[in-house]
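# Coordinate inspection notes
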Amino acid sequence: MATEWNYVVTAHKSTAVSRSCVGNFTAPHHLNLIVAKCTRIEIYLLTPQGLQLMFDVPLYGTIATLELFRSHSEAQDFLFIGMERYRYCILYWDGRQLLTRSGGDASHFGGRPTDNGQIGIIDLHHRLIGLHLYDGLFKVIPFDNQGQLKEPLNIRLQELLLLDIKFLYGCEIPTVAVLYQDNKDARHVRTYEIALEAKEFVEGSWSQNNLDNGARLLVPVPLGGVIIIGEDTIVHWSSTTFKSLSINQAIIGAVGRVDPDGSRYLYGDNTGSLHLLVITQERGRVTDLKTHYMGETSIASTISYLDSGLVYIGSQFGDSQLIKLNNQADASGSFVEILEQYMNIGPIVDLCVVDLERQGQGQVITCSGAHKDGSIRAIRNGIVITNQASVQVQGIKGLWSLKTSLNDQYDTFLVVTFINEARFLAMNKENELAETDIEGFDSETQTLVCGSAIHNQLIQVTANSVILVSSTSRDLLDQWFAPTGFSINVAAANASQVLLATGGFHLVYLEITNSKLVEVKHIELEHDISCLDINSVGENPQSSSLAAVGMWKDISVRIFSLPGLQLNWKEKFAEVVPRSVLLCTIEEVSYLFCGLGDGHLFSFVLNISKCELSARRRFSLGTQPISLCKFSSHNRTHVFAASDRPTLIYSSDKKLLYSYVNLKEMSHVCPFNTAVSPERSLPLVLCTIAIAKEAELSVGAINDFRKLHIHTIPLDEQARRICYQEQSRTLAFCSFRDKDIHTESETHFVRLLDHQTFGFLSTHTLDTFEWGCSIVSCSFSDDENSYYCVGTAYVLPMENEPTKGRILVFLVENGKLQLIAEKETKGAVYSLNAFNGKLLAAINQQIRLYKWVQRDDRSHELQSECSYHSDVLPMYTQTRGDFIVVGDIMRSLSLLVYKHDEGLIEYKARDFNTSWISAVEMLDDDIYIGADNCCNLFTVRESETHVGRLDVIGEYHLGDLVNRLQHGSLVKHHTRSLVGKYPTAIFGTISGAIGVIASIPSNLHMILEKLQSILAKSIKSVGNLSHAEWRSFYNVRRTSVARNFMDGDLIELFLKLSPSHKLAVAMAMGVDVDKLCLLVEELADLH
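Residues numbered from 1 in each chain as written. Predicted model: local features only at pLDDT ≥ 70, side-chain atom pairs only at ≥ 80, totals over all residues. Heavy atoms only, no water.

### Here we look at the pattern of salt bridges
Threshold: Note on definitions: salt bridges are taken to be side-chain nitrogens of Lys or Arg within 4 Å of carboxyl oxygens of Asp or Glu. Under the scheme used here, helices are H or I runs from DSSP no shorter than 4 residues and strands are E runs no shorter than 2 residues, and both carry numbers assigned from the N terminus.
Taken as a whole, this structure holds 43 salt bridges when the rule is applied. As a salt-bridge pair, Glu-865 and Lys-838 come within 2.7 Å of each other at their nearest N and O atoms. Residue Glu-865 is located in strand S73 (residues 860-869), and its partner Lys-838 is located in strand S71 (residues 838-843); the two are separated by 27 residues in the primary sequence. Each of Lys-13, Lys-37, Arg-40, Glu-42 and Asp-56 takes part in one network of salt bridges that share partners.

Quick look at the structure:
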């Protein structure tokens, strides 16, 4: 059940790039690229290998402007950042950390925020900063002689509809060019000198009226003057010259300078075409403009030329790219070579949360991108293993990979054991895995453990003996036999040690020397042993000073010291026997993992010097016994837990992360990297592993250890709405393709996808001028079929608002969309919901309910049952039981109720605040959440004191526009998991972020509220920005303190603090530091 307290956290960071700049920020000899992504900046270093990410810096603000500049006395650049909520700061790098030089507040009481986006510019001679934040107002922030900022001052602008403003080169007095539109929609440009003493603009000598109607950008040119970018023309204009160049009609969204003298510029348009503008000049005068097509990229939002033909294309609509401009065109006529792509799933226009694999774990399927960069993205929490090869084999009981020498980079052998034999595989001359012989090994009995040992030796443990052979000659060197009358039940080995458990409760410790096995210690325990491990966790990677021993009868795990086998620690479990134990060190932290027979995994932090276990934590991986295996990749250690829900365990910032893999039940796994494995041939492959399933042996490649894996289905068009249908196991979405020279309008489609392959199954093309606005999978009363219902609108050029639409009802038959029925509507069908065996539609100003009626010929049709006249424009609806929540374009949220007996929809309550709603969801029967166009989240419920009113009970500024809210989770929760008790909703934003909202109980909210307050004070913010101010609810009418929402992004920063800092925070909280860590880790498991 939802509560009024909510925990908000980012599961996937923003990926859409809005700004970028290039300069020498981290050192005078460093060439840095700085990228703005909503509320974060990323700082890259250009290296011979490409762009290397140095820092990912979160900010308490949404970035509006980003500029690098350098004072005359400095050797490296400063970074100016302006925020959407009018804060600004100047940052610099001191060689160790990011510091704030200065900052301030540029807000103006009573000002009307500009509709065309904030503009921040810096005088090219570094005398002042200019900000256009409000219509009719230009804020100037001068620099003093030491490069520090002085008090801002305001200058009135007579041009109210300003499109762009730029400082000009070569002016003794700071001078700006202003591009604006008059009240007759004509566009003009004029110049002004800035008189700081008089706080006014002085009209300059340049002006040009009646420009291209699509003129939108100004680019100052070091040669003098300014380039005016339009849709049909590019113009260079100065006091002495005027040159114009006609171009193919396009909307140019980004321009980047190539040469310091301004003789060449790159520009990108809304079709993804990249062009080079060349300015020729003689004696300082521009004589000609020419443009050259370079190739196709993502639709550029920002272009930054780096060096030697390398260019960064930042995109809000598709993947950002690092490209190289070649001197020669390829066969298609393109000079563009894409070197790297940086995934962007923004803008997320719509999403659905579905369990495609029916394993209790949600995937988020998004409509992402825009125009030709549109795509469907399938986002799942887990790691993908790509199958490289497989063979059908029954009854595998164990797997081990062997190296000829411990120093070898690649594995030589793969040992596969069965109930009564072992087989040995190796790569042959044809680079195929073929059976071979290891003469000294016993191939006629089950192998318990096998491994590589020191001195180029191999070790095998069977039920009868321990065998030592040479890895080069494969001859037997030594053999240790189990005591008479006893067999070896369990064994563990590393490069120089063997630990055995035999019948009679015996524990035997052997050491491996050159050609010899030496028995060192033998003790008798009081119970049978279930599992063993002696992986190295100390300084010596080839031996261990500790052994982990799992016990059957007393259901415990014990820590013994080696070589003496002294008992140092005993940890008991409740009911289930440990079946696999593993010691390992990950990111300099030593752990003991213990897998139980019921699919639960326990982790402990191991203090090696004291032989103590702490930070006990349980995680449910499945229902079957767990087999643990350690492996390394690129100098990082990871753990694989094989079971009915295979899981990869890895660490980030010394926090353990658990990610499910895309494979179903597996019994055994081991690392297996060969000289011809993908890890060698494909740099993107991190490691390869051998996997044993019930009837299959396979080799798989792990490409990425990202917690969220994203699969991209490119569309070359823009998807708008999407939903999933369980009955047909398909996805359907509405999309459109931009108009071209052959069509008079955009072409809209309804498309059907296979739920596994995401391949296209069927397409229905809508009428000319008909747009797909909404889609839902719906089942009707007295009809066993599930249908896709699509709401449309006819968007005619002569109409301000659609007056006609349709509801189309499709049935999926044999993988095809079959149109079963259609219903004409008097307006756009903005929203559709399945509702008590009927269909609820938001049509212009009405909420209308349709029932599914059978005709005489046994066909069906939609028939209107009742309607409710809503407020301005109901764009979003959500239902729960008989209740309907409506999100209006201006009138916030309303609550309606359907009366079955009367067959009526009635008004129940509404929020009387004015909000432009962008998404809505019902957290439960009583609490509803909305997102608005000012990037806020808020919750409401029915007032207990005022009839007909929804009271706002929670407010929070997210800083990103939410387009969709939906119940669901990215992780698989279990009944005994703490976070499984918290209902969650997923949201997607315009910047490509995916977030989780969890309803939390009052006692947890009180703890987190105190923790958040302490962290906000103890963690120094970048730019000296206030966390409380940043998260406060904000729109043009009011600002109020955030309430009943917790900032999970800030709270989870606790896990990245140093141990001393964590301890200080815990002491301020008055709680145990380990318990606090455990609590925050549990919350982090929400995503």
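### A look at the sheet that holds strand S62 (residues 718-725)
Across a sheet, paired strands are connected by hydrogen bonds in the backbone, their directions being either parallel or antiparallel. Rules: Should DSSP find at least two bridges between two strands, the strands are taken to pair. Interaxial angles span 0 to 180 degrees and are taken between N-to-C directions of axes, which are lines fitted to C-alpha atoms, for helices over the stretch in contact.
Pairing within the open sheet is antiparallel, and its four strands lie in the order S62-S63-S64-S65. At either end of the open sheet lies a strand with only one pairing partner, and these are S62 and strand S65 (760-765). Between one strand axis and the next, the sheet turns through 20 degrees on average, direction left out of account. Note that S62 and strand S63 (residues 730-737) share seven bridges and pair antiparallel. Bridge pairing in S63 places Tyr-724 opposite Leu-731.

### Focus on the sheet that holds strand S60 (residues 696-702)
Read from one edge to the other, the open sheet built from four strands follows the order S33-S60-S59-S58, with strand pairing classed as antiparallel. If you trace the sheet from one side to the other, it starts and ends with strand S33 (385-392) and strand S58 (668-671), each paired once. Across the sheet, the axes of successive neighbouring strands diverge by a mean angle of 20 degrees, strand direction being ignored. Judged from the six bridges that link them, strand S59 (residues 687-692) and S60 form a sheet pairing that is antiparallel. Counterpart to Ala-692 in the pairing with S60 is Leu-697.

### Considerations on helix H5 (residues 1059-1069)
The following threshold applies: For each residue, the accessible area found with a 1.4 Å probe, counting protein chains only, is set against the maximum for its type, and the residue is called buried under 20%, exposed over 50%, and partly exposed in between. When we speak of the arc, we mean the arc of directions from the helix axis to the C-beta atoms. Note on contacts: a residue pair is in contact if any heavy atoms of the two residues lie within 4.5 Å.
Of all the residues in H5, the buried ones are Lys-1062, Val-1065, Ala-1066 and Met-1069. With its buried residues spanning 100 degrees around the axis, H5 presents them on a single face. Among the exposed residues of H5, those pointing more than 90 degrees away from its buried face are Ser-1060 and Met-1067. Packing partners of the buried residues in H5 comprise helix H2 (1002-1018) and helix H6 (1073-1084).

### Quick notes on the packing of H5 against H6
Think of two packed helices as two axes; the pair is described by the angle between the axes and how far apart they sit. Inclusion rule: With respect to orientation, any angle under 35 degrees is reported as roughly parallel, any angle over 145 as roughly antiparallel, any angle of 65 to 115 as roughly perpendicular, and every other angle as oblique. Three classes are used: nonpolar for Ala, Val, Leu, Ile, Met, Phe, Trp, Tyr, Cys and Pro, charged for Asp, Glu, Lys and Arg, and polar for all others, with Gly counted as polar.
The contact between H5 and H6 brings their axes to 9 Å, and the two run at 100 degrees. The orientation of H5 with respect to H6, classified from their angle, is roughly perpendicular. Counting all contacts with H5, which are made through Lys-1062, Leu-1063, Val-1065, Ala-1066 and Met-1069, the residues of H6 involved are Val-1073, Leu-1076 and Cys-1077. Among the residues making up the contact of H5 with H6, the classes are represented as seven nonpolar, no polar and one charged.

### Structural notes on the packing of aromatic side chains
Rules: Side-chain rings of Phe, Tyr and Trp, where Trp is taken by its six-membered ring, are said to pair if the distance between their centres is within 6.5 Å; with planes under 30 degrees apart they count as stacked, over 60 as edge-to-face, and otherwise as tilted.
Taken as a whole and judged by the stated rule, the model has 23 aromatic pairs. Their ring planes at 10 degrees and their centres at 6.5 Å tell us that Phe-736 and Trp-771 sit as a pair that is stacked. Here Phe-736, found in strand S63, pairs with Trp-771, found in strand S66 (residues 770-779); they are 35 residues apart in sequence, far enough to count as distant. With relative accessibility at 9%, the residue Phe-736 sits in the buried group.

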